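Structure at a glance
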Amino acid sequence: MKKGYKNWGPPLLLIAPTIVVLGIFVYGLIGANISVSLSNRNSLVPATEFVGLDNYFALFAEERFIHSLQNLGVFTVFFIGGTMIFGFLWAWMLDKGVTAEGVFRSVFLFPMAISFVASGVVWRWLLNSAEGDRASGLNRVFENLGLDFLQNSWWNEPGWGMAAIALPAIWQLAGYVMALFLSGFRGIPEELREAARMDGATEWKLYRYVIFPQLSPVALSALIIVGHMSLKVFDLIMAITKSIYQTEVPATYLWVALTSNDYAKSATIATILLLFVAVVIVPYLIYTARAEKRQG
Amino acid sequence: MRKPLSMIAGAVALGLVLAGCSSTPSSDPDNADQVEVFTWWASGSEKVGLDALVGVFNEQNPDIEFINASVAGGAGSNAKAALASRLESNDPPDTFQAHAGAELTDYINAGQLQDLSSFYQDNGLTDVFPESLIERITVDGAIYSVPSNIHRANVVWANTQVLEDAGIDPMAAPADIDAWLVDLKKLKDAGVETPLALGTEWTQMQLFENVLIADLGAEGYSGLWTGDTSWDDAGVETAIGHYGELLEYTNSDFAGLDWDAATQIVLDGNAAYNVMGDWAESAFQQAGWTYDNEYTTWATPGTDGVFDFLADSFTLSVGAPHEAAAIDWLTTISSAEGQKAFNLAKGSIPARTDTVAADYPAYQQTAITSFGEDTVVSSLAHGAAASIAWSGDISSAIGKFGADRDAASLLSGLVAAADKAQG
Amino acid sequence: MSVSTGLEKKPGSTATSRTSGMPQQSSIRVRAGLSRTAKYVLLVLFLIIVLMPVYVLIVTSLKPPQDVNPATSWGLPVRWPWEPAFEGGPTGFDNWALAWNALSASIGRTFLLAIPAALIASFLGAMNGFVLARWRFPYADVVFTFILFGMFIPYQAIMTPLVQMKTSLGLPSDVSTLLVVHVIYGLPICTLIFRNYYAGIPHELMEAARMDGSGMLRTFRSIVLPLSLPGFVVTIIWQFTSAWNDFLFALFLSNQNEGPVSLALNNLAQGAQLANYGAAMAGALLASLPTLIVYIVLGKYFIGGLMSGSVKS
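Per chain, the residues get numbers from 1 upward, laid out in the order the sequence is written. Both sets of labels track the order of writing: A upward for chains, 1 upward for ligands. With the structure being a predicted model, the display of local features is reserved for residues of pLDDT at least 70 and the display and counting of side-chain atom pairs for 80 or more, all residues being used for whole-chain, interface and lining totals.

The subject of this paragraph is the overall build of chain A. Numbering of helices and strands starts at the N terminus; helices are DSSP runs of H or I of at least 4 residues and strands are runs of E of at least 2. In terms of helices and strands, chain A carries twelve helices and zero strands. Overall, chain A shows an N-to-C arrangement of helices and strands of α-α-α-α-α-α-α-α-α-α-α-α. Any residue whose C-beta has 12 or fewer other C-beta atoms within 10 Å is treated as exposed, any with 20 or more as buried, and any in between as partly exposed, C-beta atoms being built from the backbone. Looking at the 296 residues of chain A, the share that counts as buried comes to 51%. The contact rule is simple: place each C-beta atom from the backbone, and if two of them lie within 7 Å, those residues are in contact. For chain A, the share of sequence-separated contacts (at least 6 apart) that also reach a separation of at least 24 residues comes to 68%.

Have a look at this one:
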């Protein structure tokens, strides 16, 4: 296997189309985008000059952009936290042998099949912030159950409102994280557990020293997949609140800039988003590539 | 594997059958007998209005195929994004919908719109459209769009029952914002928790522009957009103060409500007033209410004699593939027949002054009268007053104020937005 | 180990992994804290919470507009869906009729988009994955990383130049253009899934084929493809769902009359004035039905695919 086939021609030929296509449609277009972000294409009038990083400085000087980053931060923390906690919890409960496991698995997983446009229709309504007589959605449930103190204005709350937007996102993706963890649990050889128990390990120690280390690659993958989705969140916010200041994140701000024909600004936000994603993804890709190499 | 394969085959067949149900035409530049019209009128009364307009168009031009390129959602924002990318790649629709006024600035500066002055001359539109409207839509001596309908944005919709219960005469409009605040307080004291219904960001912007008009007057307000009135004028500060006080009387969940949900609060009797454009009329009609009985309207306090206008209008693109047909479309839109068909369906009023008011329902009759007599100013929330980027900045500053109520920050935000826009 | 989709196949692991649903004797003793009943109560509670939005969708879609109000929003419909709220008024079923009329043609087009997009991208991904898993040509890791990065980019970043490209190539604003786009941007994830999957196929199998003198393509066709079904299930589900549910590409590259169902649904749900919640919710259900059916029918293969191997560490 070390030497592979006689020559590298055929394999390279097979993947060459993919490389060329992605070279154009991913890297070429990213390049085009970056070049717009360095120009003064701030309206429909074609760019006239190269302005360096001016658009970037202008953006970071904006209170509005900083606010959108804060929103994104709150959303990301709750989205990742929620999917990881529920995903792990469900997988952990199902792993231990449950009657009708298939039913639970399918139900927990199915929201993933639904588009944000469709789920936005119902979540927009569930997260309605009216309280008391006019309450509908979740607030109405609390009202009817006599849990009035739980009624709140959801995403309308200044500061932590973005945590409410994370609810539908968690609803949609916790099941996927569950499936990943479940496959992780199922992949731990029974001998390992048995061996640990033979050694008299307590349940906690079993988890601490055997199961968690075995699950950590899955957890990392889940983290990366959910994390990059979080940075790109767009459809969901548009479906629930449309683009308003209170729930603005960079991706929706980008949209506003684009619909105001400020191409340079939207390209700048896009590039910053791309950098965020790259900061998370590239070290991870390099790390995994190295780890793989070590493994031979 | 057999089972999944047959499933896939079945699904493809199903797809073909469903997709075959309707074959829709697409634009072909070589076929002169087509016109591609880009709008965000894809549902509701707007769609009904467009259909009525197309009906008239087909009657007048039976040989021309109408291609509906509508994009729905987000109060036109989806459409604007899609349109921008088409213009960007030199693939313009023949004619597209845009709010009349300053919102066209970007397209004009980029040379994407044809001057329609001679079209106005040829069709005698300069005589039948009110002079103040022509003034508002003329840019450096040129006119770039044809308005299809006029809406008014400075209207208070009032629930008469709620007002009477609080001992307020619903038919007498308060003279100014201060007088209105007195009534609002009276309502609150009488147990109406949220006397003034409010909705999401653009409805807040609309309320704010109403207060600006009230506190600055028509001339002062119009000056904000030309640079004649400074944004650090004392009147703007007063308006911010008034606006902040008004917010104290609104439903706390306003940021999450669309305009119709806000209007619904008035219909449900949980609020007495809603400041809304006159498309709200359809909500009251649908509830079966009659004008001056269960509900009434007046100009927002302090704006009597002012008509805060917004209009949908149609343009002629530079490089339109079917220019002649597009001009036919514009002719239909500007004709008395086309305007009547559209506006009766949509619930707005025609831009033409030769309208027979009696053909329209009660509310529209009042609007038609005001439109003929009042001073016309341009609406901010609906693209008539400021360029897209400028109104976007203002909208964000107002959205922020809705959350933090920081008056100083709103004022500085407004000044900064104006500085940026006016260079 | 590389980015995991949970699909890595590890030789021999299936032998040791436990069959689902079988209680183990050893865990009975250690499950001291959480009694069985408590666990079921919790699971059922979660089940109810997850299904709550679906309940709302279904009951609201069956109510005539006059019956949709905050106070009774969680209640079952107060009348049969074929009965109007008042004489001659609309019924609950009218919501569905309205939604069906608004969506049916676009649902058909979306089938024609999502199925080929899923099949083509999966097949190309299988080929790429096979090559990347089996051949250590120089810089193979770099090439893989180069491909993989494509799945993480925010698509807004490439949208404007993409539209320009589409126009200058004269591509139509219908689902055929979207098909090409979904295949292209689906390549990274499909390549990733298959690469990880093939990394787990025993070397001996392929070595044997090589000894026979089979060429690479023949090895792929006769040895690898038949083993790839679990991989295909996962990529097809993934691709089908993302092509079906996509809104962003649809908005920029297609139009209302020739585009997919997400545009039509958005149109129905976010139409400018006086939204009809019942019809919007009926539409949301209709538009979600195909992907839901895919998950229900193929779901066990999907999780099976995810679980068919362990995750290499």
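Following the structure, the description resumes.
Along the backbone of chain B there are 18 helices and twelve strands. Since a compact globule built from 423 residues should have a radius of gyration of about 22 Å, the 23 Å found for chain B is in line with a globular shape. Dimensions of chain B, computed from the C-alpha atoms along their principal axes, are close to 65 × 65 × 45 Å. Expressed as a percentage of its 423 residues, the buried residues of chain B come to 57%. The size measure is the radius of gyration over C-alpha atoms, and the globule rule it meets is 2.2 Å times the number of residues to the 0.38 power.

Residues and elements named next belong to chain C. Only the stretch in contact is used when a helix axis is fitted, and all axes are lines through C-alpha atoms; the angle between N-to-C directions ranges over 0 to 180 degrees. Closest axis-to-axis distance for the helix H4 (residues 92-134)/helix H10 (residues 229-245) pair is 8 Å, and the angle between their directions is 140°. One finds that H4 runs oblique with respect to H10. The interaxial crossing formed by H4 with H10 has right-handed handedness. Each of Thr110, Leu113, Ala114, Ile115, Ala117, Ala118, Leu119, Ala121, Ser122, Gly125 and Ala126 in H4 lies in contact with H10, whose residues at this interface are Gly231, Phe232, Thr235, Ile236, Gln239, Phe240, Ala243 and Trp244. Residue polarity is assigned by list, with Asp, Glu, Lys and Arg as charged and Ala, Val, Leu, Ile, Met, Phe, Trp, Tyr, Cys and Pro as nonpolar; anything else, Gly included, falls into the polar class. Residue classes in the contact of H4 with H10 are distributed as 13 nonpolar, six polar and no charged. By the definition adopted for this analysis, an angle is roughly parallel if under 35 degrees, roughly antiparallel if over 145, roughly perpendicular if from 65 to 115, and oblique otherwise. By the definition used in this description, the sense in which the near helix is turned from the far one sets the handedness, with an anticlockwise turn below a right angle giving left-handed and a clockwise turn giving right-handed.

This next bit is on helix H3 (residues 63-95) of chain A. Here H3(A) contains 33 residues, and its C-alpha end-to-end distance of 47 Å stays within 8% of the 48 Å for a straight helix at 1.5 Å per residue. Within two residues after H3(A), Gly97(A) carries a phi angle of roughly 85°, on the positive side. One fewer than the residue count of a helix, multiplied by 1.5 Å, yields its expected span.

Turning to the sheet that holds strand E10 (residues 295-299) of chain B, a few remarks are in order. Residues and elements named next belong to chain B. In this scheme, strands are said to pair when DSSP sees at least two bridges between them. Reading across from one edge, E8-E9-E7-E10 is the order of the four strands in this open sheet, with mixed pairing throughout. Here the strands that pair on one side only, and so sit at the sheet edges, are strand E8 (196-197) and E10. Sheet topology note: the E8/strand E9 (residues 273-275) ladder contains two bridges and is parallel. Paired with alanine 197 across the bridge in E9 is asparagine 274.

Further remarks concern unusual backbone geometry. Residue and element names in this part refer to chain B. A positive phi is found at aspartate 140, a non-glycine position, where the angle reads about 50°. Counting through the fold element by element, aspartate 140 comes out in the loop between strand E4 (138-139) and strand E5 (142-143). By C-beta crowding, aspartate 140 is classed as exposed, having 6 other C-beta atoms within 10 Å. At aspartate 292, a residue that is not glycine, the phi angle is positive and equals roughly 65°. Relative to the helices and strands, aspartate 292 is located in the loop between helix H13 (281-286) and E10.

Now for the nonpolar core. When buried Ala, Val, Leu, Ile, Met, Phe, Trp, Tyr and Cys residues are joined through C-beta atoms within 7 Å, the set is termed a nonpolar core. Core analysis: the largest hydrophobic core is formed by 310 residues, its most contacted members being Phe181(A), Tyr273(B), Leu103(C), Leu265(C) and Ala284(C). Of all the elements, H4(C) adds the most residues to this core, at 20 residues.

This paragraph deals with the pairing of strand E11 (residues 306-315) of chain B. Residue and element names in this part refer to chain B. The buried count for E11 comes to ten of ten residues, which makes it a mostly enclosed element. Both faces of E11 are covered, namely the face carrying Val306, Asp308, Leu310, Asp312 and Phe314 and the face carrying Phe307, Phe309, Ala311, Ser313 and Thr315. In this sheet, E11 lies alongside strand E3 (residues 95-99) in antiparallel orientation, the contact comprising three bridges. Bridge pairing in E11 places glutamine 97 opposite phenylalanine 314. Direction of pairing for strand E6 (residues 145-152) relative to E11: antiparallel, over a ladder of seven bridges. Within the sheet, the bridge partner assigned to serine 145 lies in E11 and is threonine 315. Summarising the sheet, E11 and strand E12 (residues 375-378) pair through four bridges and their orientation is parallel. Bridged to phenylalanine 309 within E12 is serine 378.

What follows is about the interface of chain A and chain C. Residue-level contacts link 84 residues of chain A with 81 residues of chain C. A total of 15 residues in the side of chain A that touches chain C trace back to one element, the largest contributor, which is helix H1 (residues 9-37) of chain A. Its residues assigned to classes, the side of chain A that touches chain C shows 55 nonpolar, 17 polar and twelve charged.

In this section: the packing of helix H5 (residues 116-126) of chain A against helix H3 (residues 36-61) of chain C. Packed helix pairs are specified by the crossing angle of their axes together with the interaxial distance, meaning the distance between the axes. Across the interface, H5(A) lies against H3(C) with an axial gap of 10 Å and an inter-helix angle of 95°. Comparing the axis directions of H5(A) and H3(C) gives the class roughly perpendicular. Of the residues in H3(C), those touching H5(A) at Ser119(A), Val122(A), Trp123(A), Trp125(A) and Leu126(A) are Pro53(C), Val56(C) and Leu57(C). Taken together, the residues of the contact of H5(A) with H3(C) break down into seven nonpolar, one polar and no charged.

Let us look at the environment of Asn128(C). Within the fold, Asn128(C) resides in helix H4. Between the alpha carbons of Asn128(C) and Ile147(C) there is a distance of 9.8 Å; along the sequence they are 19 residues apart. In contact with Asn128(C), other than residues within four places in its own chain, are Ile15(A), Thr18(A), Thr191(C) and Phe194(C).

Once that is clear, we can look at helix H18 (residues 407-422) of chain B. Residues and elements named next belong to chain B. Relative to the 22 Å expected for 16 residues at 1.5 Å per residue, H18 spans 22 Å between its end C-alpha atoms, a close match to the ideal helical length. Every buried residue of H18 is listed here: Leu410, Gly413, Leu414, Ala417 and Ala418. Projected onto a plane normal to the axis of H18, the buried residues spread over an arc of 130° and lie on a single side. Relative to its buried face, H18 has exposed residues pointing more than 90 degrees away, namely Ala408, Asp419 and Lys420. Its buried side turned inward, H18 meets helix H11 (234-247) and helix H17 (388-404). Downstream of H18 by a residue or two, glycine 423 has a phi angle that is positive, lying close to 60°. Starting at the helix axis, one direction is taken to each C-beta atom, and the arc is that of these directions.

Turning our eyes to something else, we now look at the environment of Gly137(A). Residues and elements named next belong to chain A. Summarising the element assignment, glycine 137 is placed in helix H6 (residues 137-144). The sequence separation of glycine 137 and tryptophan 125 amounts to twelve residues, and the corresponding C-alpha distance is 5.7 Å. When neighbours within four sequence positions are excluded, glycine 137 is seen to be in contact with Trp125, Leu126, Leu127 and Asn128.

A few words on the environment of Ala174(A). Residue and element names in this part refer to chain A. The topology assignment puts alanine 174 in helix H7 (residues 162-186). For alanine 174, a count of 28 C-beta atoms within 10 Å corresponds to the buried category. C-alpha separation for the pair alanine 174 and isoleucine 85, spaced 89 residues apart in sequence, amounts to 8.2 Å. Ignoring any residue separated from it by four or fewer positions in sequence, one finds alanine 174 in contact with Gly82, Thr83, Phe86 and Gly87.

The next thing to look at is the confidence of the model for chain A. Residue-level confidence of the predictor is summarised by pLDDT, bounded by 0 at the bottom and 100 at the top. A residue-level look at chain A finds 96% of positions with pLDDT of 70 or above and a mean pLDDT of 85. Every residue in residues 1-5 of chain A scores below 50 in pLDDT, and together they form five contacts with partners more than four places removed in sequence or on other chains.

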